[in-house]
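Summary of structural features
Chain by chain, the residues run as shown.
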Amino acid sequence: MRERSAEDPIWGDALLAAALFAVAPAQLGGAAIRSLAGPGRDAWLETLRALLPDEAPMRRVPLHASESRILGGLDLTATLRAGRPVAERGILAAADGGVVVLAMAERMELNKAAHLVAALDAGEVVLERDGLALRTPSHFGVVALDEGLSEEERPPAALMDRLAFHIDLSGATLRDLEPSIVTAEEVTVAAARYSAVSLSDDALQALCTTAMALGIGSLRAPLLAARAAKAHAALCGEDSVSEVDLQTAARLVLAPRATMIPQIEDPEDESTEEQPPEPQEPPEEAEQKDESEAKDKPLDDVILEAAQAAIPPGLLAMLKMGLDRHSRGASAGGKAGAQKQSKTRGRPIGTRQGDLRDGMRLNVVETLRAAAPWQPIRRTARGEVLEPGKRPARVEVRRDDFRISRHKERSETATIFVVDASGSAALHRLAEAKGAVELLLADCYVRRDQVALIAFRGREAELLLPPTRSLTRAKRSLAGLPGGGGTPLATAIDAAAALADSVKRKGQTPSIVFLTDGRANIARDGEPGRPQAEEDALASARAFRLAGFRAVLVDTSPRPQPKAEKLAGEMAAIYLPLPYADAEGLSQAVRAVSSNVPAAA
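In this text the structure is predicted, and so the values were computed from the model without any measurement.

Here the focus is the overall build of the chain. Scanning the chain from N- to C-terminus turns up 25 helices and 18 strands. Sorting the 601 residues of the chain into buried and exposed places 46% on the buried side. Taking contacts inside the chain between residues at least 6 apart in sequence as the whole, the part at least 24 apart equals 78%.

This next bit is on empty space enclosed by the protein. For the coordinates displayed, the defined rule picks out two cavities of 30 Å³ or more. Approximately 80 Å³ is the volume attributed to the largest cavity. Tallied by class, residues from the lining of the largest cavity come to 10 nonpolar, no polar and two charged.

We now examine the sheet that holds strand S13 (residues 413-420). What the six strands build is an open sheet, ordered S15-S14-S13-S16-S17-S18; its pairing is mixed. One side of each edge strand has no neighbouring strand; the edge strands of this open sheet are strand S15 (460-468) and strand S18 (574-577). Taken over all neighbouring pairs, the strand axes of this sheet differ in orientation by 15° on average, direction set aside. Here seven bridges tie S13 to strand S16 (residues 509-516), and the two strands are oriented parallel to one another. Following the sheet pairing, Ala-414 is matched in S16 by Pro-510. Against the sheet, helix H21 (residues 471-479) touches strand S14 (450-457) and S15, its axis set at about 165° to S15.

Our next topic: the packing of aromatic side chains. What the rule picks out here adds up to two aromatic pairs. Each ring, one from Phe-514 and one from Phe-544, has its centre 5.8 Å from the other, and the planes form 70°; the classification is edge-to-face. In this pair, Phe-514 is assigned in strand S16 and Phe-544 in helix H23 (residues 530-547), connecting sequence segments 30 residues apart. Here the two residues Phe-514 and Phe-544 agree in accessibility, since each one is buried. Put simply, the rings of Phe-514, Phe-544 and Phe-549 pair up and form one aromatic cluster. In this structure, Lys-230 packs its charged tip against the face of Tyr-194, placed 4.9 Å from the ring centre.

All right, on to the pairing of strand S1 (residues 30-34) then. Among the five residues of S1, five are classified as buried, and the element is accordingly described as predominantly covered. Both faces of S1 are covered, namely the face carrying Gly-30, Ala-32 and Arg-34 and the face carrying Ala-31 and Ile-33. Of the strand pairs in this sheet, S1 and strand S8 (residues 141-146) are connected by five bridges, and their pairing is parallel. From the neighbouring strand, Ile-33 faces S8, where its bridge partner is Leu-145. Note that S1 and strand S9 (residues 165-168) share four bridges and pair parallel. The partner of Ile-33 across the bridge, within S9, is Ile-167.

Bringing the packing of helix H12 (residues 243-254) against helix H15 (residues 299-309) into the picture now. Between H12 and H15, whose axes approach to 8 Å, the crossing angle comes to 40°. By the angle class used here, H12 and H15 are oblique. When the axes of H12 and H15 are compared, the crossing they make is right-handed. Of the residues in H15, those in contact with Glu-243, Leu-246, Gln-247, Ala-250 and Arg-251 of H12 are Leu-299, Val-302, Ile-303, Ala-306 and Ala-307.

One finds Trp-44, Val-143, Phe-165, Ile-167 and Leu-254 to be the most contacted residues of the largest nonpolar core, which totals 64 residues. Excluding anything up to four places from it in sequence, Val-143 contacts Phe-21, Ala-31, Ile-33, Trp-44, Leu-45, Leu-48, Val-99, Val-100, Val-101 and Leu-102. Core analysis: the second largest hydrophobic core is formed by 29 residues, Ala-452, Phe-456, Ala-492 and Leu-553 among them.

For helix H11 (residues 220-235), which comprises 16 residues, the first-to-last C-alpha distance of 22 Å matches the rise-based estimate of 22 Å (1.5 Å per residue) to within 8%. With 13 of 16 residues buried, H11 lies mostly within the body of the structure. At the exit of H11 stands Gly-237, carrying a positive phi of roughly 80°.

Looking now at the confidence of the model for the chain. Taken over all residues, the pLDDT of the chain has a mean of 80, while the share at 70 or more is 80%. Note on residues 324-335: pLDDT is under 50 here. Beyond four places in sequence and across chains, it has 32 contacts. Segment residues 597-601 is flagged for pLDDT under 50; beyond a separation of four residues in sequence, or across chains, it makes 15 contacts in the model.

Neighbouring strands of a sheet are bound in pairs by backbone hydrogen bonds; such pairs are parallel or else antiparallel. The five strands lie next to each other as S2-S5-S8-S1-S9, forming an open sheet whose pairing is parallel. A single partner strand is all that each edge strand has here, and the edge strands are strand S2 (58-61) and S9. Strand-to-strand, the axes of this sheet are offset by a mean angle of 15°, without reference to chain direction. With four bridges joining them, S2 and strand S5 (residues 99-102) adopt parallel strand pairing. Bridge pairing links Arg-59 to Val-100 in S5. Those strands touched by helix H1 (residues 9-23) are S1, S5, S8 and S9, and its axis lies near 150° from that of S9.

Attention now goes to a nonpolar patch on the surface. Together, Leu-356, Leu-362 and Val-364 give the surface a local cluster of nonpolar side chains, amounting to about 250 Å² of exposed area. Summarising the element assignment, Leu-356 is placed in the loop between strand S11 (347-353) and helix H17 (364-371).

Time to look at the packing of helix H10 (residues 201-213) against H15. The contact between H10 and H15 brings their axes to 9 Å, and the two run at 50°. By the angle between their axes, H10 is oblique relative to H15. Seen from above, H10 lies across H15 with right-handed handedness. Packed against H10, whose contacting residues are Asp-202, Ala-203, Ala-206, Leu-207, Thr-209, Thr-210 and Ala-213, the element H15 presents Leu-299, Asp-300, Ile-303, Leu-304 and Ala-307 at the interface. Tallied by class, residues from the contact of H10 with H15 come to eight nonpolar, two polar and two charged.

What follows covers unusual backbone geometry. Phi is positive for Met-104, close to 50°, though the residue is something other than glycine. Of note, Met-104 is situated in the loop between S5 and helix H7 (110-122). The backbone of Ala-572 sits at a positive phi, close to 60°, despite the residue not being glycine. The exposure class assigned to Ala-572 is partly exposed, which follows from its relative accessible area of 26%.

Moving on, we get to H10. Under the 1.5 Å per step criterion, the end-to-end length of H10 is 18 Å for 13 residues, consistent within 8% with the ideal 18 Å. Residues Ala-203, Ala-206, Leu-207, Thr-210 and Ala-211 constitute the buried set of H10. Buried residues of H10, seen end-on, are gathered within an arc of 135° and therefore sit on one face of the element. Away from its buried face by more than 90 degrees, H10 exposes Asp-201, Asp-202 and Met-212.

Analysis parameters
Residues numbered from 1 in each chain as written. Predicted model: local features only at pLDDT ≥ 70, side-chain atom pairs only at ≥ 80, totals over all residues. Heavy atoms only, no water. Helix = DSSP H or I, 4+ residues; strand = E, 2+ residues; numbered from the N terminus. Buried < 20%, exposed > 50% of the residue type's maximum accessible area, 1.4 Å probe, protein only. Contact = heavy atoms within 4.5 Å. 1 Å grid on protein atoms, 1.4 Å probe; cavity = no way out; pocket = protein on both sides within 12 Å on 5 of 7 lines; lining within 4 Å. Points joined across faces, edges and corners; volume = space filled by probe spheres on them. Nonpolar A, V, L, I, M, F, W, Y, C, P; charged D, E, K, R; others polar. Pairing = 2+ DSSP bridges. Axes fitted to C-alpha atoms, helices over the stretch in contact; angles between N-to-C directions. Phe/Tyr/Trp six-rings, centres within 6.5 Å; stacked < 30°, edge-to-face > 60°. Lys NZ or Arg CZ within 6 Å of the ring centre and 35° of its normal. Parallel < 35°, antiparallel > 145°, perpendicular 65-115°, else oblique. Left-handed = near helix turned anticlockwise from the far one by under 90°. Core = buried A, V, L, I, M, F, W, Y, C linked by side-chain atoms within 4.5 Å. Expected span 1.5 Å × (residues − 1). pLDDT = per-residue confidence, 0-100. Patch = residues over 30% accessible without salt bridge, like charges linked within 9 Å, V, L, I, M, F, W, Y side chains within 5 Å. Areas by Shrake-Rupley, 256 points an atom, 1.4 Å probe, with all protein chains shown as cover. Salt bridge = Lys/Arg side-chain N within 4 Å of Asp/Glu carboxyl O. Arc of directions from axis to C-beta.

Right under this line is the structure:
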């Protein structure tokens, strides 16, 4: 195999991942492609199709494909025609030896994902439904097309854990779309050699050490990296895994899964202060020395450096901000509300047995599917004899056969802004806070979220704007917000919690954004005094935490103080100090972290 081009590392790695995936689809699990529909994603799929053997099937699973279509089940038409249960093959069984392509995997239902990963783990499709009990061997790989627009829109975690390659083609352009340098013949030869490639214990230990250093908790990740290294060695015509194969596997499999920045110990740092500076060496000697030092490095460090260099820039920036990557899967405050089940509205999530009452919808197909296996018994009970070659006269459906459609929808969201309009805030950052709130209000208006505004100054917190979608009304309330007076922070937290509780009781999802410097000086009873005011604020914050609301506290002080951070900690809110940001920077930062706000424990 020739070396890939270094001019387009993202697309080059994507093509290399496609080639490795084609070598051993079932062993590597598959790939998640993060991109909207476009030429980049289509080109990658065409490349994969060209590298797979001609006889390997490539089945596409639509988003709303039923479980019976995916796993197989009762062939309703044939069953009703024959008068006896007739089974049909599902997509997973038909994809044996090939690849399954999941459309819009970020919206895949968890129950379907559970069936899919069970088939991946066991290498067989287990069918136990509609009166059927079948086990069909099937070994296949998965391509999950991820079209999520935000970080919380991701395919199910159980599925992502079993896919070796997580590829982001969002930034791929037409100029990057060079054809693959790997041929189908090379892949065929590598696939035949794959099982004979050996992997040493030291190499596997190095991959495990690298995964631990990157904060990867799943044991599947280093195992998938080991298989990717074997596939790369087979593609290069080698019989054993080399250091280059391990570096490639760490770059393609482990780096996109990183949840922390690895800390590489440098023993030279401790002796730098004690020893005098060494004289500069000529460039050629320095290069030779670097190469010699690189060869002497432990294998663990070499693999870890390769993985660290491949961590995506966006992920690296998020890790530096200290955000927990696992929280990205949580529901976002202000972006999308919590999911709830609905009788008639929302995304269909299957059926259940039930009665037709309270506006429930009957799923006719699933009802007939439930009734079909019982027809021979019911005909016998009626004394009816079905002559060979004749169709049954009717299908008997009983009450127990009724299947009710189930739906799931997202609740509306309401973002509550709590703005500190006291004298200290007005002196420093009230103008920027107003501008940032206006920008955030516009963003909420675009998403059709409701917004509310609470301002606190003097001795009280005032609800200037009840939850509304009116952007004009919100701007008018904010423009008339005066500044000055004390900081009744405890009263403001209590008012925000009460409003959030009323929003939650209406079936909406509240999220709260505090913009304050955290310096309370008015107690809950309205009396001035900083010690009592701070104690009351912390007590209110603890009560706020128990309610489990999502919150962000933006420290607008020019010199962030520990008090605001402590207050955010007591509330289980994300603390965001922004001493010098303008209104635009303030709004962008709040928007970025609000999508990572988990609910309080």
